[in-house]
Each structure stands twice: as C-alpha cells, then as structure tokens.
Amino acid sequence: MRVPLSWLREYVDLPATETGRDVQAKLISAGLEVESVEQLGADLKGPLVVGQVLTIEELTEFKKPIRFCTVAVGTANGTGEPQEIVCGARNFAVGDKVVVVLPGAVLPGNFAIAARKTYGKTSHGMICSGDELGMGDDGSGGIIVLPPEAEVGTDAIELLQLVDEVLDIAVTPDRGYALSMRGVARETAIAYGLPLRDPALLDVPGPNAFGYPVRVSDPMGCDRFTARTVTGLDPDAHSPIWLRRRLQKAGMRPISLAVDITNYVMLELGQPLHAYDRSRVQGTIGVRRAEQGEKLTTLDGVKRTLNAADLVITDDRGPIGLAGVMGGANTEIDDTEGTTTEVVVEAAHFDAISIARTARRHKLASEASKRFERGVDPQAASAAAQRTVDLLVLLAGGTADAGVTEVITPSAPHSITIPANHPDKVAGVDYGRETVVRRLQQVGCDVYGQDELIVTVPSWRPDLTDPNDLAEEVIRLEGYENLPSTLPKPPAGLGLTDRQRLHRRAGRALAGAGYVETPNYPFMGEQVLDQFGLAGDDPNRKVVKLVNPLSDEEPALRTTLLPGLLQALRRNDGRGSHDLALFETGLVFHPRAELRVAGRLPVDRRPTDEEIASLTAALPVQPRHAAVVLAGAREQAGWWGKGRPADWADAIEAARVLAREAGTELLVRSGQYGPWHPGRCAELAVVVDGTQRVIGHAGELHPRVLKALGLPARTCAMELDLDTLEEASSGHPKGPKISTFPVATQDVALVVDKAVPHADVEAALREGAGELLESIRLFDEYESEQLGGDRKSLAYALRFRADDRTLTVDEASAARDAAVALAAERTGAVLRGA
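The following refers to the structure shown.

The rules behind each value
- Residues numbered from 1 in each chain as written.
- Predicted model: local features only at pLDDT ≥ 70, side-chain atom pairs only at ≥ 80, totals over all residues.
- Heavy atoms only, no water.
- Helix = DSSP H or I, 4+ residues; strand = E, 2+ residues; numbered from the N terminus.
- Rg over C-alpha atoms; globule rule 2.2 N^0.38 Å.
- Buried < 20%, exposed > 50% of the residue type's maximum accessible area, 1.4 Å probe, protein only.
- Contact = heavy atoms within 4.5 Å.
- Areas by Shrake-Rupley, 256 points an atom, 1.4 Å probe, with all protein chains shown as cover.
- Lys, Arg positive; Asp, Glu negative; His and termini not counted.
- Charge placed at Lys NZ, Arg CZ, Asp CG, Glu CD.
- Disulfide = S-S within 2.5 Å.
- Pairing = 2+ DSSP bridges.
- Axes fitted to C-alpha atoms, helices over the stretch in contact; angles between N-to-C directions.
- Salt bridge = Lys/Arg side-chain N within 4 Å of Asp/Glu carboxyl O.
- Core = buried A, V, L, I, M, F, W, Y, C linked by side-chain atoms within 4.5 Å.
- Parallel < 35°, antiparallel > 145°, perpendicular 65-115°, else oblique.
- Left-handed = near helix turned anticlockwise from the far one by under 90°.
- Nonpolar A, V, L, I, M, F, W, Y, C, P; charged D, E, K, R; others polar.
- Polar contact = N/O pair within 3.5 Å; in protein donor to acceptor, adjacent residues only side chain to side chain.
- Phe/Tyr/Trp six-rings, centres within 6.5 Å; stacked < 30°, edge-to-face > 60°.
- Lys NZ or Arg CZ within 6 Å of the ring centre and 35° of its normal.

Digging into the overall build of the protein
Here comes step 1: Looking only at helices and strands, one finds 21 helices and 42 strands in the protein.
Here comes step 2: Since a compact globule built from 834 residues should have a radius of gyration of about 28 Å, the 40 Å found for the protein marks it as more spread out than a globular shape.
Here comes step 3: Residues counted as buried form 47% of the 834 residues belonging to the protein.
Here comes step 4: In the protein, the proportion of contacts linking residues at least 24 apart, taken out of those at least 6 apart, comes to 70%.
Here comes step 5: For the protein, the exposed surface amounts to about 41,100 Å²; the carbon and sulfur share of it is 51%.
Here comes step 6: When the 90 basic and 117 acidic side-chain charges of the protein are each reduced to a single mean position, those positions are 4 Å apart.

This is the structure in structure tokens:
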C-alpha cells in the first residue's frame, strides 16, 4: 500500500515538522512493515509553470513530425513575451493549457534545461509529459493538457502536487485494514496520540423500496450488497488533477472519471467498488455461484470458463462480473466513446476464502481481490457507496437517485473474553488493566468488565479472533522495543539427548573428514526415483505429497537425501568446481500405514501429553539420515606427489566415520541397490538387539544414473539411517586405552572362495582372536591361477597387546591360531602355503 503523506494529513493533524521518515519510524514501532519512503520531486527545480499554446508551426522537412510552438507563460520568463519551444508531441492544439519548463530548471534524473538549437530552431524550454516530471502513467501517453481554468504563469509544481513523500507499506495477510488510507490513518493517529477524522463517518440514507433491484442467492458468499444509482452524468467530465495525482501516487493509473472515483474510494476506505453502465445492465442484479462451464469475458478482455465454486454477479442474461475480483466487459463504463450517463454503484462484502480461491483459480489477482481475501470492513459498504455517489454528483454533475438498495444477512459482532492480565502474562510485562483497556479501545474495540474483560471486536478487524490476538495488539502498541530482554532459565539436567549428541558429532566428524555441509529443501519429484532405478515395490517410492507444494515439479517430501545432494553437486560442477565432497544430515519422510487427521493444538495453554501424542501419530515417520556425495579428486596432486580421485572406498569410509562416532561396529558387505553400480556397492548393516539390520548403502553410482542426472563420471555416494545407527550404539564413544606395553604383530594370509566377503572373514578373525586383539587391517588381496580360478588370498595384519604385561610369542601365536581356526570354521578359509 502506497500512502502519500499529503493525503494522510487530511485525516490526522500531524505536526508540520514531521517528515515521512518520522512517520515511518512510528508506524514500524506500531507493527506495520513500512519498507521505504519515496521522496517525490526531491530533485525537481523550477521554474515549471502553466503555459498556453499560441501558435504551432509544423516543420515538415525532417524524418519525423516536429512542431515549433509559441507559448504564453505570463511573467514567469521575466519578459512577458511568448516562449519559443520545439516539441515533437502531437496530442495538444492551439489554445491548450500545458506544463512548460523554462531554462534553468532541473527535471527528475538531474536533467538540466537550457536553451538549445535543434531542428534549425532555438528551443527555450520544454513542453512536458507526465513521465518527464516523474508522475508516472497518466493514461494520456503524451503531453500533459491542463484544464482550461488553469491560470497562465502559475507554478505547476504546486498545481500538479509534484513534491510529496510516499510511504510504501508491505501489508501482511492479517492486516487487510492497512490497505486503505482509513486504516493507515487510524494506526498513525494511535501512534501519535492524535484524534482521527474517520472518512467513513458519513450521513447515509437508509434502504428503501425504490433502489435498483438486487437478489442475493448465496448469503454465505455475499452477506451484504449495497446498490446506488446516479443519473445525468456529464459524459465529457474528466477527473480533476488532485484525483488523478492521488491515484498516481498510490500506484494506480487514471482511466476515466467514474472508474477513478471507485478506485479513489477503495483506496480511501478499503472497500472495493464497481460501477456498471446502467444502460447495459438488463434486469435484476444477482449474486450466485456460477454454473460449471459458464463463460464470462472480464474487463481485461479474457474469456473465462467459470467453475461451480466461483461467486458471480449476474443480470437477466447471465454473469456480468466475477464477484470481488473483476467486472465483466459487457457492462463496463465506456471511457472511449463517452456515452455513459447513468451508473449503478455496487459496494458489497464477499467471503474472503471464496474470493481468494477464485482469484487463484483464474490466476487473476486484482486490487479488489487483494483486499477481500485479507478481510474488508462489512460496515463500510454503505459509507463507501455514499462517498462514491457524492463524488459523482460533485465532479460529473450527476443526480443521486433517492432509491437505496441494501441486502444484508444479519450477524452478531464477535466478542472475546480475556483476563485483564492476559497481555501481562504473554509479554512478561506488568501493563495493568487501564493500559490494556485503553489500547484495545484505540484499535476500535468495545471493552467491558473488570478482572474478566468482554471485548467486542470492531468490524474492520476480522483478524482478531482469540485472546492472544488481543494481547498482541496491546504489546505492539506499547512497543515491541520496550519488551525486556530476558534469557529463559531451563531446569538443571535437561541437556541434549543422545540422539541430538550423535547428530552433532556426525556433522562435525564429516566436516573434519573434508566434507562440506549442504542443506537442501526437503522436497523432491517422484521422477528422480525412476532415474535412480528403484524397484516398483521399493519403500522409498511411497511418498508423502504436499497439498500446496512450493514447486509443482517437487510435490513430495523426500524419502532419501540423495536427490538434493546430487543436484547441488551437479550445480557446483557445472559452475567450475569439479573436486567435490558434500554431506547432509536431515529428516526423510515416510507415510504411516494408517492415515490420520492432525488435530488443532490449543494456543491458550500448553498442550497435554495426549494431544501432543495424537498430533505426532498423524505425522509421517521422520527418521534422520546422513549422506555424502563425492566427485573429482579426493586428494590433490602437487609437489608432494600424485593426487587420487574419489572412489567407492571413500564413500564407505565416510560410513565408518559415522559408525565410530556412534561407538558401534559397522558391517560392510557386497550389495546391490537402486542408483549404485551393482559391482561397486556396499551394503551397510549394524547389529541391533542381536539382529543385523541394513541401514544404508555406499559406493559408486551406476553410469545410467550419472547420465540421467547429468553428473560427473565415477560419482560416489553414501546414505545411512542415523537413528538406527544410534540404536546400535553402546552409548557415548569411549577413548582408546593407552598401554605402555609393546605391541605384537602377526600377519596371516587366508585363501577363501571369491564369493566370500572380506567382512565375514574379518568378523571371524576378530571374534576368534579374543580380547588381546587391538586392531585388524586388510593389507593385500591376491588372485592367481595357482590359487585356483575361483579362489583369492586375503592378507591381514593383526596387532595384539595386553594392558598389564608384555605378550610372549606363544600368547600372540595362540591368539592368531584361534582367530584362523574360527575363520576356517565359518568361511572355509585355509592358511596360504599350508
């Protein structure tokens, strides 16, 4: 909402010294978002005067039409002689009053005016258009032609109101009343402690039987409809300068007198209006729901197919307007031919939700729909209609018909019961009853009671629905900046949970391993699951879809972290960063088997445990995952030696890093799943309550997936379930014991079938070696024809150490032999060379 300061002063007697910046600070303190203050005419310097065209000489020897004019400017030029000016515009004639800028003036944009020779003539100034004066679009598309009563030689800066300050307010959806001068003036009056001259306080005649016939068939969609008729309008009457300038400053384009008046009253009172050419309306005006498939051509010239949920204005022929959004072309006031002499003025109140849905359904946002969907004062309809009639009579020479039509669905005012100290409890400030009552009365509420207040909400504040809304009004008017800054005092012993600690350690560990955290939006499109090659019955294909997604291409909540990470990797690779290691920890979402509707939690008290549990049961299952993606070089080349590209082993090592942070043993074995290369994919598992559970996969992505997603060659990835990893954890990881006794190293080479995973052999060796084993490492894998075509050799380095003594050779050998024996029993391993 653009609010000219000069217009605002009509309703509030602001001190003369108050600037737009001062008003901005006051309104921001009161809770309105004043984004900027535009200084109109700040860089404009006169002389800028009213002139009258005396002669026009057409210069025809040039490629485009040029006119050499003499213009009377009175004594503004110091001589009283006509001013000679060269001009290329053609929308004025001899005798017209125009705006003339004389040499020495400066126009907006620091454009200095001086006498100069052009087209063989000397031009002593300019005849100005609205754009050249920074007025915006005035609908004329050329030179400003002033009304005949403008006096030659007078100051055009004052006449055109070129110097002003305009506050640009970002109106939030709950403050629809601020989309009007009336609403902003009320907030300004409260902020300054000054009285308000309410423009809606008009003498309005009561309804009678002589008004234009109206029939409302849907009282839920339209609870108030006021119709007034004005006849005898002068079809040649034009909007006066003050009216056009106020519309321009508010960001609207002047069109015609009748339309300009309805727009002006809408900006003034916040009530959208519509004026119909009475001669083009046939029969009774009606309000009903559209019939499915009905057609209506709106004022923008688009023929629209209506939905059965649309609320429409009709006459005997059918729809003549989309209620609360835009009128129809078949009853519009013709501003080109100037034939409209009788108008019917509509001021109605429509259901906010219905109008919002209609505007979105037809992708047709308008100034009217923007106000109706945020809430319009229903009590202002009759005053707005009266104000429109008064201006039509005043400016167009019309006559107001005695008939007044009002169709009203009775409704009781909304009342809220609130403890007098409720705002004190919400803010933590002792305001006191008197302050609470005074502030609520300032916003228009009627307040009764002592300790328990009964508050009747004003009709222009539909956003006030419960006690906390009233508390917010008190707090914002008393000043958010006056709220004390206090830190909460949590009770002792309520630190981070084990789950939260693991999540933090996981992030730190991956960052320490060289990965960059890349948070992504939790949305995805289901087509990416096809690109991943997931089976039709894969659990990750069961997604939770959003009713109102941010993007139609990503309507579902993610079931895996990889789509977002791979998209980030592709974007960075495309911008020149080829060596990438990214990670993310975040929630994934899976639908529950039984769908439930979430209940609405109370806001006036803490929800009970049962209410919270019921809400949780209605939410999707949301485990936390961790994932990494890698591409390019894992180790850079340099003077220190050759670099190394990232490969599947790095992805698996990232999973082992997380397992170490959880203090649990990770089982790694060959696997096959979705986007991973079947020969380079590891299945990750942990033991939970004696049962092995697969928690994720790691390795190199399939070339088919890389091509589908546009990823670099040999891209690797890992993803696992952090919550299940935490279940397998033995608690907080413990630091290693440091022994002062020497280590005993024993190497073994075991021959096994190629199908036997290294993880199974290592697990058997670890268990068989017993407590003396400190670590085990695979350092070689060997295949040859001597071993057999289906056999391989795995060489391990076993480190033994005791806490309390130096191990003997026999003890270390015995531990090694026990490890080999168990490996032979479980995997069929044989000592190489035995």
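Looking at the state of the cysteines
Here comes step 1: The tally for this structure, following the rule as stated, stands at 0 disulfides.
Here comes step 2: No disulfide involves Cys128; its sulfur sits 9.1 Å from the nearest other cysteine sulfur, which is in Cys87.

As for the sheet that holds strand β15 (residues 222–231)
Here comes step 1: Sheet architecture is open: 4 strands sit in the order β16-β23-β15-β24, paired in antiparallel fashion. Each edge of the sheet is formed by a strand with only one pairing partner; in this case those strands are β16 (274–277) and β24 (399–408). Direction aside, the axes of adjacent strands within the sheet are offset by 20° on average.
Here comes step 2: Summarising the sheet, β15 and β24 pair through 7 bridges and their orientation is antiparallel. Opposite Arg224, over in β24, you have Ile408 as the bridge partner.

With respect to the sheet that holds strand β13 (residues 164–170)
Strand pairs in the sheet, formed through backbone hydrogen bonds, run parallel or antiparallel to each other.
Here comes step 1: Taken in spatial order, the 3 strands of this open sheet run β1-β13-β2, and their pairing is antiparallel. On the outer flanks of this sheet lie β1 (2–4) and β2 (33–40), each paired with one strand and no other. Neighbour-to-neighbour, the strand axes of the sheet open up by a mean angle of 25°, direction not taken into account.
Here comes step 2: Pairing of β1 with β13, which is carried by 3 bridges, proceeds in the antiparallel orientation. When the bridges of β13 are listed, Pro4 appears paired with Val166.

Description of the pattern of salt bridges
Here comes step 1: Enumeration over the complete set of coordinates arrives at 53 salt bridges.
Here comes step 2: With a closest N to O distance of 3.0 Å, Glu526 and Lys545 form a salt bridge. With Glu526 in the loop between β29 (523–524) and α14 (527–531) and Lys545 in the loop between α14 and β30 (556–557), this residue pair connects regions lying 19 residues apart in the sequence.
Here comes step 3: The exposure class of Glu526 is partly exposed, given its relative accessible area of 29%.
Here comes step 4: Here Arg801 makes a salt bridge to Glu774, at a shortest N to O gap of 2.7 Å. Separated by 27 residues along the polypeptide, Arg801 in the loop between β41 (791–800) and α21 (809–827) and Glu774 in strand β40 (residues 773–782) bring together distant segments of the chain.

Remarks on the nonpolar core
Here comes step 1: Counting residues in hydrophobic clusters, the biggest one holds 53 residues, and the most contacted among them are Val3, Leu8, Val23, Leu27, Val265 and Leu392.
Here comes step 2: Apart from residues lying up to four places away in sequence, Val3 is in contact with Leu8, Glu165, Val166, Leu167, Ile169, Met181 and Val184.
Here comes step 3: Formed by 31 residues, the second largest nonpolar core is a distinct cluster that contains Leu630, Leu658, Leu684 and Leu722.

With respect to the packing of helix α5 (residues 241–249) against helix α6 (residues 257–269)
Here comes step 1: The contact between α5 and α6 brings their axes to 10 Å, and the two run at 55°. If you check the angle between α5 and α6, you find them oblique. Between α5 and α6 the crossing geometry is left-handed. Residue-level inspection shows Trp242, Leu243, Arg246 and Leu247 of α5 in contact with α6, the latter providing Leu257, Asp260, Ile261, Asn263, Tyr264 and Leu267.
Here comes step 2: Among the residues making up the contact of α5 with α6, the classes are represented as 7 nonpolar, 1 polar and 2 charged.

So, the environment of Thr827
Here comes step 1: Inspection of the secondary structure puts Thr827 in helix α21.
Here comes step 2: Separated by 544 residues in sequence, Thr827 and Gly283 place their C-alpha atoms 94 Å apart.
Here comes step 3: In this view, Thr827 contacts Val752, Val756, Asp760 and Val761; residues no more than four positions away in its chain are not counted.
Here comes step 4: Polar side-chain contacts of Thr827 include one of 2.6 Å to the backbone oxygen of Ala823.

Notes on the side chain of Arg476
Here comes step 1: Structurally, Arg476 can be placed in helix α12 (residues 467–478).
Here comes step 2: Residue class for Arg476 comes out buried when judged on its relative accessible area of 0%.
Here comes step 3: Residues contacting Arg476, with those up to four places away along its chain left out, are Ser29, Ala30, Arg175, Tyr177, Glu187, Val443 and Arg461.

As for helix α7 (residues 352–361)
Here comes step 1: Within α7, the full set of buried residues consists of Ser354, Ile355, Ala356, Thr358 and Ala359.
Here comes step 2: Where α7 is buried, its residues touch β17 (285–289), β20 (311–315), β21 (318–322), β23 (343–350) and α8 (367–372).
Here comes step 3: Once α7 finishes, Lys363 follows within two positions and takes phi at roughly 50°, a positive value.

Here's the deal with the packing of aromatic side chains
Here comes step 1: Across all of its chains, the model carries 7 aromatic pairs by this definition.
Here comes step 2: When the centroid spacing of 5.5 Å and the interplanar angle of 80° are considered together, the rings of Trp242 and Tyr264 count as edge-to-face. Highlighted residues: Trp242 in helix α5 and Tyr264 in helix α6, separated in sequence by 22 residues.
Here comes step 3: Owing to a relative accessible area of 1%, Tyr264 belongs among the buried residues under this scheme.
Here comes step 4: A centroid spacing of 5.6 Å and a plane angle of 75° characterise the contact between Trp639 and Trp640, whose relative ring orientation is edge-to-face.
Here comes step 5: By relative accessible area, Trp639 is classed as exposed at 79%.
Here comes step 6: With relative accessibility at 54%, the residue Trp640 sits in the exposed group.
Here comes step 7: Members of the aromatic cluster, each reached through a chain of ring pairs, are Trp7, Trp242 and Tyr264.
Here comes step 8: Sitting over the ring of Phe92, Arg67 keeps its end group 4.9 Å from the ring centre.
Here comes step 9: A cation over an aromatic ring shows up here: Lys121 above the ring of Phe68, its NZ or CZ 5.0 Å from the ring centre.

Topic: the packing of helix α11 (residues 433–442) against α12
Here comes step 1: Interhelical geometry of α11 versus α12 gives an angle of 95° and a closest axis separation of 9 Å. Judged by the inter-axis angle, α11 sits roughly perpendicular to α12. Between α11 and α12, the residues in contact are Thr435, Val436, Arg438, Arg439, Leu440 and Gln442 and Leu470, Glu473, Val474, Leu477 and Glu478, respectively.
Here comes step 2: Of the residues in the contact of α11 with α12, the class split is 5 nonpolar, 2 polar and 4 charged.

Some remarks on the pairing of β15
Here comes step 1: Counting buried residues along β15, 9 of its 10 residues qualify, which places the element largely inside the surrounding structure.
Here comes step 2: For β15 and β23, the ladder comprises 8 bridges, and the chain directions are antiparallel. Its bridge partner being in β23, Thr229 is matched across the sheet by Val344.

Description of the side chain of Thr188
Here comes step 1: Structurally, the position occupied by Thr188 is in helix α4 (residues 181–192).
Here comes step 2: With sequence-adjacent residues up to four places away left out, Thr188 is seen in contact with Leu8, Val12, Leu14 and Leu27.

Some remarks on the environment of Pro678
Here comes step 1: With respect to the helices and strands, Pro678 occurs in strand β36 (residues 676–688).
Here comes step 2: Pro678 gets classed as partly exposed once you look at its relative accessible area, which sits at 37%.
Here comes step 3: In this structure, the C-alpha to C-alpha distance between Pro678 and Val166, residues 512 residues apart in sequence, is 66 Å.
Here comes step 4: Ignoring anything within four residues of it in the chain, the contact list for Pro678 reads Gly671, Gln672 and His702.

Topic: unusual backbone geometry
Here comes step 1: Even without a glycine there, the phi angle at Asn110 is positive, about 60°.
Here comes step 2: One non-glycine residue, Asp689, adopts positive backbone phi at about 55°.
Here comes step 3: By secondary structure assignment, the location of Asp689 is in the loop between β36 and β37 (691–701).
Here comes step 4: For Asp689, a relative accessible area of 78% corresponds to the exposed category.

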